[in-house]
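# A structural walkthrough
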Amino acid sequence: MTIRFEENVSTENAHLVCQWSNSLGKDFQEQWMGSKIPFPLTLQVLQDLGGVFSVFDGQEFVGLIQKIRLEDRNLHIGRFFINPQKQGQGLGRQTLRKFVSLAFENEDIDSISLNVFEANQTAHNLYQKEGFEIVQMVEAPVRKYIMKKSR
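Read on for a plain summary of the structure. On a predicted model such as this, the values are computed, not experimentally measured, just so you know.

Scoring rules and cut-offs
- Residues numbered from 1 in each chain as written.
- Predicted model: local features only at pLDDT ≥ 70, side-chain atom pairs only at ≥ 80, totals over all residues.
- Heavy atoms only, no water.
- Buried < 20%, exposed > 50% of the residue type's maximum accessible area, 1.4 Å probe, protein only.
- Helix = DSSP H or I, 4+ residues; strand = E, 2+ residues; numbered from the N terminus.
- Arc of directions from axis to C-beta.
- Contact = heavy atoms within 4.5 Å.
- Phe/Tyr/Trp six-rings, centres within 6.5 Å; stacked < 30°, edge-to-face > 60°.
- Lys NZ or Arg CZ within 6 Å of the ring centre and 35° of its normal.

## Focus on helix 2 (residues 26–33)
For helix 2, the full list of buried residues reads Gln29, Trp32 and Met33. Viewed along the axis of helix 2, the buried residues span an arc of 85 degrees, placing them on a single side of the element. Next to the buried residues of helix 2 lie helix 1 (11–24), strand 3 (60–71) and strand 4 (74–82). Phi turns positive one or two residues past the end of helix 2, at Gly34, with a value near 90 degrees.

Here it is, written out as structure tokens:
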């Protein structure tokens with residue numbers, strides 16, 4: 001497994017992400033994109049997002065991750081999605097581990113945060129195993145956690 005990142009997402013790969021996400025339905029899309037992105041996911045919405053990185057395993061496109069904002073030396077990440085047919089093979093863990101490691105190489109970053117819906121136990125467990133801790137719980141519109149990992 002050789003995880004690498006490329007800034008942005010090609011039109012071809014954006015089509016794949018839309019296919020993967022839309023086939024799993026509105027509730028799934030909300031878990032990884034948040035409630036502000038309308039369903040079904042469209043190519044235009046994906047291509048308008050800033051800070052998006054394509055995730056590759058070798059030469060194969062396998063997913064996305066986004067740097068959402070840098071604020072007070074904290075990088076907030078999100079919109080992390082691995083091809084559903086590739087999940088359960090350790091790609092998510094390797095991707096997250098490498099992305100966090102690369103982010104911490106930037107001396108302006110002391111911590112990394114993300115949001116995860118309470119119902120998304122698979123993601124929650126992954127983040128916990130990778131050293132993220134719950135720092136806040138948000139109740140509305142759906143219960144979610146803000147998790148954070150420091151250097």
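## Side note on the environment of Ile77
Secondary-structure assignment places Ile77 in strand 4. Among the residues examined, Ile77 registers a relative accessible area of 4% and is labelled buried. Spatially, the C-alpha atom of Ile77 lies 16 Å from that of Gln94, the residues being 17 residues apart in sequence. With residues up to four places along the chain from it excluded, the contact list for Ile77 reads Ile65, Gln66, Lys67, Ile68, Leu96, Phe99, Ile112, Ser113 and Leu114.

## Examining the packing of aromatic side chains
Tallying each qualifying case throughout the model produces eight aromatic pairs. Each ring, one from Trp20 and one from Phe81, has its centre 6.1 Å from the other, and the planes form 70 degrees; the classification is edge-to-face. In this pair, Trp20 sits in helix 1 while Phe81 sits in strand 4, placing the two residues 61 residues apart along the sequence. The pair formed by Trp20 and Phe81 is uniform in burial state, with each residue classed as buried. Aromatic side chains Phe56 and Phe61 sit 5.8 Å apart centroid to centroid with 70 degrees between the ring planes, which places their arrangement in the edge-to-face category. Stacked on the ring of Phe56, the Lys or Arg Arg4 has its end atom at 4.4 Å from the ring centre.

What is shown is where atoms sit, not what they do.
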